[in-house]
Amino acid sequence: MSADHTAPAKTSYLAAPLMLATRLALRFPVAAIALAVGLGLVCIGLTHAKLGYRTSRLDLLDPNSDYNRLWIDYINEFGDEDDAVVVVEGPGRDKVVPVLQEIASQLAREDRLFHAVLHGVDLNKIRAKGLHYLSPDELRGVERFLGEASPIIEGNWARLKLGNLALGMAARLQMLSSASDSPEFATARHDVDRLTDSLFASLSKGKPYQSPWPGMPQSFATLSELSSEYLLTNEGRLGFVLLRLSRGDDGFARCSEALDALRDLTAKIEAAHPGTRIGLTGLPVMENDEMRSSQSSMFWASLISFVAVAILFIAGFGGLRHAIMANVVLLLGMAWSFGFVTVTIGHLNILSVSFTSTLIGIGIDYGIHYIARYIQIAGDYRDPKDALVATSRGVGPAILTGALTTAVAFFAAGLTSFTGVAELGIIAGAGVLICCAAELLVLPAAVVLMDRRKVGLRMPEPLAVHTWIEPLLAMPRRVLFVTMTCTALLAVGVTHLWYDHNLLNLQADGLESVELEQRLLTECNQSVWYAVSIADSREELLARKEQLLKLGSIERTEEIVSLLPADHEVKQPIIARIQQRLAALPERPPLIPVDRPEELGRSLAQLEAFFVNNHYATSARRIEQVRDAMRRLPLSDCYGALSQFQQQMAGDLLSRLYALRGMADPEPPKLTDLPASLVNRFVGQHDKHLLKIFGRGNIWDMDSLSKFVRDVRSVDPRATGNPLQAFEASHEMKHSYEISALYALVIVLTLLWIDFRNWRYALLASLPLALGVLQMFGIMGLLNMPLNPANMIALPLILGIGVDYGVHIIHDYREQRGRFHMSPSTAVAVLVDSLTTIVGFGAMMIATHRGLQSLGRILTIGITCCLFTSLVMLPALLAWMSWNRKDEEEESSQPSTILAGPHSRRDRTEAVQLAAEREVAARSEKNISRAA
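Keep in mind it's a predicted model, so treat the numbers as computed, not measured. (Residues numbered from 1 in each chain as written. Predicted model: local features only at pLDDT ≥ 70, side-chain atom pairs only at ≥ 80, totals over all residues. Heavy atoms only, no water.)

A. Quick peek at the overall build of the protein chain. If you tally the helices and strands in the protein chain, you get 32 helices and 13 strands. Of all 932 residues assigned to the protein chain, the portion counted as buried reaches 53%. When the accessible surface of the protein chain is split by element, carbon and sulfur atoms take 57% of a total near 40,900 Å². (Helix = DSSP H or I, 4+ residues; strand = E, 2+ residues; numbered from the N terminus. Buried < 20%, exposed > 50% of the residue type's maximum accessible area, 1.4 Å probe, protein only. Areas by Shrake-Rupley, 256 points an atom, 1.4 Å probe, with all protein chains shown as cover.)

As structure tokens, this is what we get:
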């Protein structure tokens, strides 16, 4: 590389306005501080009174996106409340159901905190209309049966004498024998088989009664047996209670009061029922756990980072007072930032709440650079005011450029469509500029008030970081070779870098709600996540359900339109006739006369002869077994067995007739027959019907989720729900961060060119950032640390922070002549700056929330890489570039803003005064020439 011979000391055009602002603050320091503190107090009061919190993930999304409009249509119809889920585990149904009933009963009493409690479906009203759930053909079959039994129903119970039944069956078979392959003949033959099997069981000792009557349809049998259907799975070992939580006024963590009460209640019930376990899950519970976890983590991380930053500041600069002043001014800047958020946006969301840690990690950087330069040059001036003005002239432009590039990196996120990322970008970008303004305007006033007293006579001694770096600058080629080799080796890991969309992997370890969700996925293949499809009619929804259940990614669906059967016009008249036939049933059957055994035997013989003649050997053999059993019994025992069988058969028939009458209400089932807590979940405000669609497998995983979303939309393109929202939001967030990083890169390079007015310097300032980001991604890939929705915010952060170090070093390079040597102030400032940022963000690694942990890890790795490339690689490169750059003798009248020689205080003061006089003379000459 050719030597650089054209690197004269240059003054940034930003220096003049910064010096003017500093002089104004130094002229009225008390007023400046009073105004800053007063503004801070106003901002704190305004924030406390007006700042809101938006904790819904809906608030993070672009309201104009197609997928979000579908979600808004859904919540306008069905509301935006999700179910909290109480999970009861026990050895079986008999242990689980009582606990479900007790929980539901207790929750119903706390209607201020809980509503829409659902632990089962009460079918009592539905049972009265149970015949509507039979098909028209099944109803016609029931009606035919009643027609055949009409003499009995009308009071002729003697028709149930076994002899009469046998003769009637024989006549029926003989009549149908000409069409022996017809369904009617097969039904008649099966009726005989059931009767003979039942009679044979009654004549055999020790065998229970076996009904001879035909079985009812399955749907009829189910409804006749159930009065309540509980929410059970896993063979009754798992039960669920669904409920909605009162949100209350819990600030950032919604539903906290209701959840605390719910946990107390379930703990007491669990203690009263040994052998059962009760847990909570569901999206409201997981969101609340996530908010509480992240809120607690952010508080402790902010506290630890603030204390650690102050300790590093003190250790780096060897003094206490300047560190305290810089941190107090940072707090003022943060208070102003909160006021800005309150006035402009008015709320914080799930993402933007993290901006406080961002300001602690970044905002103190500007105070560090300012104090570092001030401490270094303070000995050259008699008056601290002159030293502070010189500090603003020397390092102020670099500080402002660094703040602008960092802010722009955040503001670029505001150009994206993802609302959560855009708001975070605007808030953090403005906060960075506000904190920078506080350090540049208020910090000089605080320093002058302190240092013009006796305490300011002794300046602290910063760490001599520049002496640690100097040996490396003596062998720049080796340093560059090692740096590039390490970067190339680490870059191999970029090929292994991946993105993790799974939101469960971001939650804190040990959260009950997350663990329960994962157990439901692994043990029962169930999830609290489901897609929703909205249909205008019952027929449309059922057709959609049938299509969905054919797809491999769909585990099951839930709806209630199946509880409202169709074909009322066909069914209602049939049910009305059935109800009329059964209107006058006796309380109990009368005593039925018994045939003499020999007469009954002759009747059965006729049946047997028919089967023998028609080659139905099995049926004939059954009848022969009955006749043989009758012959073996003593006469009295045979009479008793036949009488008992006839009465049991009559009672059995009467019970069935009563059951039919109990479900023969001709009025069709209505929504009002179902629990309101169930109906409200499936029927919207405008009578639209909801279909819940549950995926097969772990649909929190992106591969399964992608297939699930694709399949659901293949049937209903307008489907929505939390899984689909998360799918779209995750991709949009990732894309937004990528686009904002690209915007930020372009704008940052533009700002660097504006500051340096030279592309060469702009690219040199950004080189440490480029290599640092490459190293960071490589390390992440090698350590299998994925990018995720929580840590992608690191991209604009790293862009803003990483380039700041290069900006200060290039400004330092341009101020020097001859071969480059890092000035003491720049070296210590970059080191302390980076260490405080590392500690500030690294404190998030103590968080229980795994998303914040990953963000802390990535920022720590990224800033450490940028520190290495800025403090080792870039100085070595600049030393190599300026290896043959000629030194020029500084004029004795030109003061230096850095310590560069063994001049006495008097010489340096005279030099400053002479320079000031020459500057005034030059301005006068310039004004005269302009006037001429």
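B. Structural context of the sheet that holds strand E10 (residues 531-535). The sheet built from four strands is open, its strands ordered E11-E12-E10-E13 with antiparallel pairing. Both outer strands of the open sheet, strand E11 (554-558) and strand E13 (720-721), are each paired with one neighbouring strand and no more. Contacts from helix H26 (residues 702-715) reach E10, E11 and strand E12 (689-695), with the element oriented near 150° to E12. (Pairing = 2+ DSSP bridges. Contact = heavy atoms within 4.5 Å. Axes fitted to C-alpha atoms, helices over the stretch in contact; angles between N-to-C directions.)

C. Examining the pattern of salt bridges more closely. Throughout the structure, instances matching the rule amount to 32 salt bridges. Its salt-bridge partner being Arg 544, residue Asp 716 comes within 3.4 Å of it at the nearest N-O pair. Placement of the pair is Asp 716 in the loop between H26 and E13 and Arg 544 in helix H20 (residues 538-548), with a sequence separation of 172 residues. The exposure classification of Asp 716 matches that of Arg 544, with both residues buried. One salt-bridge network, in which partners are shared between bridges, spans Glu 608, Glu 624, Arg 627, Asp 628, Arg 631 and Arg 632. (Salt bridge = Lys/Arg side-chain N within 4 Å of Asp/Glu carboxyl O.)

D. The arrangement of the pairing of E12 in detail. The buried fraction of E12 amounts to seven of the seven residues, a majority that puts the element mostly inside the structure. In E12, alternate side chains face the same way, and those of His 689, Leu 691, Ile 693 and Gly 695 on one face and Leu 690, Lys 692 and Phe 694 on the other are all buried. Here E10 pairs with E12 via five bridges, running antiparallel. Bridge pairing links Val 532 to Lys 692 in E12. Here four bridges tie E11 to E12, and the two strands are oriented antiparallel to one another. Paired with Arg 556 across the bridge in E12 is Phe 694.

E. Layout of unusual backbone geometry. Residues other than glycine seldom take positive phi values, yet Asp 687 does so here, at roughly 65°. Its place among the elements puts Asp 687 in the loop between helix H25 (676-682) and E12. At Asn 784, a position not held by glycine, the phi torsion is positive, near 55°. By the secondary structure assignment, Asn 784 is in the loop between helix H28 (759-782) and helix H29 (794-815).

F. Fine view of helix H17 (residues 465-473). Residues Val 465, Ile 469 and Leu 473 constitute the buried set of H17. Seen along its axis, H17 keeps its buried residues to an arc of 70°; they face one direction. Elements that come into contact with the buried residues of H17 comprise helix H18 (476-491), helix H30 (824-842) and helix H31 (850-881). (Arc of directions from axis to C-beta.)

G. Seen up close, a nonpolar patch on the surface. Taken together, the side chains of Phe 299, Trp 300, Leu 303, Ile 304, Val 307, Ile 311 and Ile 846 make up a nonpolar region of the molecular surface, amounting to roughly 690 Å² of accessible area. The class for Leu 303 is partly exposed, based on a relative accessible area of 39%. (Patch = residues over 30% accessible without salt bridge, like charges linked within 9 Å, V, L, I, M, F, W, Y side chains within 5 Å.)

H. Seen up close, the environment of Asp 383. Relative to the helices and strands, Asp 383 resides in the loop between helix H14 (355-377) and helix H15 (384-411). Sequence separation between Asp 383 and Val 448 is 65 residues; the distance between their C-alpha atoms is 9.1 Å. Within the structure, the side chain of Asp 383 is placed 3.0 Å from the backbone nitrogen of Lys 385, a separation counted as a polar contact. (Polar contact = N/O pair within 3.5 Å; in protein donor to acceptor, adjacent residues only side chain to side chain.)

I. Broad picture of the state of the cysteines. Tallying each qualifying case throughout the model produces zero disulfides. Between Cys 865, a free cysteine, and Cys 866, which holds the nearest cysteine sulfur, the sulfur-to-sulfur gap is 6.9 Å. (Disulfide = S-S within 2.5 Å.)

J. Looking closely at helix H1 (residues 15-27). The end-to-end C-alpha distance of H1, which contains 13 residues, comes to 18 Å, matching closely the 18 Å that a straight helix rising 1.5 Å per residue would cover. Buried residues along H1 sit against helix H2 (29-50), H14, H15 and helix H16 (419-451). (Expected span 1.5 Å × (residues − 1).)

K. Inspection of the pairing of strand E8 (residues 277-281) at higher detail. For E8, a buried count of four out of five residues is recorded, marking the element as mostly surrounded by other parts of the structure. Looking at chain direction, strand E2 (residues 84-89) and E8 are connected through five bridges and run antiparallel. Its bridge partner lying in E8, Val 86 is registered against Leu 280.

L. Fine view of the packing of H14 against H15. Following both chains from N to C, one finds H14 and H15 inclined at 155°, their axes separated by 8 Å at the closest point. Overall, the two elements H14 and H15 adopt an arrangement that is roughly antiparallel. Read as a crossing pair, H14 and H15 show a hand that is right-handed. Considered class by class, the residues forming the contact of H14 with H15 number 13 nonpolar, seven polar and one charged. (Parallel < 35°, antiparallel > 145°, perpendicular 65-115°, else oblique. Left-handed = near helix turned anticlockwise from the far one by under 90°. Nonpolar A, V, L, I, M, F, W, Y, C, P; charged D, E, K, R; others polar.)

M. Spotlight on the packing of H18 against H28. Contact pair H18 / H28: the axes reach a minimum separation of 7 Å and the direction vectors enclose 40°. By the criterion of interaxial angle, the relationship of H18 to H28 is oblique. By crossing handedness, the relation of H18 to H28 is classed as left-handed. Along the contact surface, H18 presents Met 484, Thr 487, Leu 490 and Ala 491, while H28 presents Leu 771, Leu 774, Gln 775, Gly 778, Ile 779 and Leu 782. Looking at side-chain class alone, the contact of H18 with H28 contains seven nonpolar, three polar and no charged residues.

N. Fine view of the nonpolar core. Counting residues in hydrophobic clusters, the biggest one holds 135 residues, and the most contacted among them are Leu 859 and Leu 878. Residues contacting Leu 859, with those up to four places away along its chain left out, are Ala 794, Leu 797, Ile 798, Phe 841 and Met 844. By size, the runner-up hydrophobic cluster in this structure holds 54 residues, among which are Trp 213, Ala 629, Cys 638 and Leu 657. (Core = buried A, V, L, I, M, F, W, Y, C linked by side-chain atoms within 4.5 Å.)

O. Fine view of the packing of aromatic side chains. The full count for this structure, using the stated rule, is 12 aromatic pairs. Ring centres of Tyr 74 and Phe 78 lie 5.6 Å apart, and the angle between their planes is 25°; on these two criteria the pair is classed as stacked. Separated by four residues within a single helix, Tyr 74 and Phe 78 lie in helix H3 (residues 66-78), roughly one turn from each other. Using a relative accessible area of 7% as the deciding quantity, one classes Tyr 74 as buried. Assessed through its relative accessible area of 12%, Phe 78 is described here as buried. Here the aromatic rings of Phe 145 and Trp 213 are separated by 6.2 Å at their centres, their planes lie at 80°, and the arrangement is edge-to-face. Remark: Trp 213 occurs in the loop between helix H9 (183-203) and helix H10 (218-225) and Phe 145 occurs in helix H6 (residues 136-148); sequence separation between them is 68 residues. (Phe/Tyr/Trp six-rings, centres within 6.5 Å; stacked < 30°, edge-to-face > 60°.)

P. Spotlight on the side chain of Gln 853. Relative to the helices and strands, Gln 853 resides in helix H31. The residues touching Gln 853, leaving out its near neighbours within four places in the chain, are Met 844, Met 845, Ala 847 and Thr 848.

Q. Layout of the confidence of the model for the protein chain. Taken residue by residue, the protein chain gives an average pLDDT of 81. The fraction at 70 or more is 87%. pLDDT under 50 marks residues 1-9. Its contacts with residues more than four places away, or in other chains, come to 23 contacts. Long-range and interchain partners of residues 888-932, a stretch whose pLDDT sits below 50, account for 32 contacts in this model, where long-range means more than four residues apart. (pLDDT = per-residue confidence, 0-100.)

R. Quick look at the side chain of Lys 692. Following the sequence through the fold, Lys 692 ends up in strand E12. For Lys 692, a relative accessible area of 4% puts it in the buried group. Leaving out residues up to four positions away in the same chain, Lys 692 has contacts with Asp 83, Tyr 530, Ala 531, Arg 556, Thr 557, Glu 558, Arg 681 and Phe 682.

S. Region of the structure containing the environment of Glu 624. Residue placement: Glu 624 occurs in helix H23 (residues 617-632). Judged by relative accessible area, Glu 624 falls into the partly exposed class, the value being 29%. For the pair Glu 624 and Leu 607, spaced 17 residues apart in sequence, the C-alpha separation works out to 9.9 Å.

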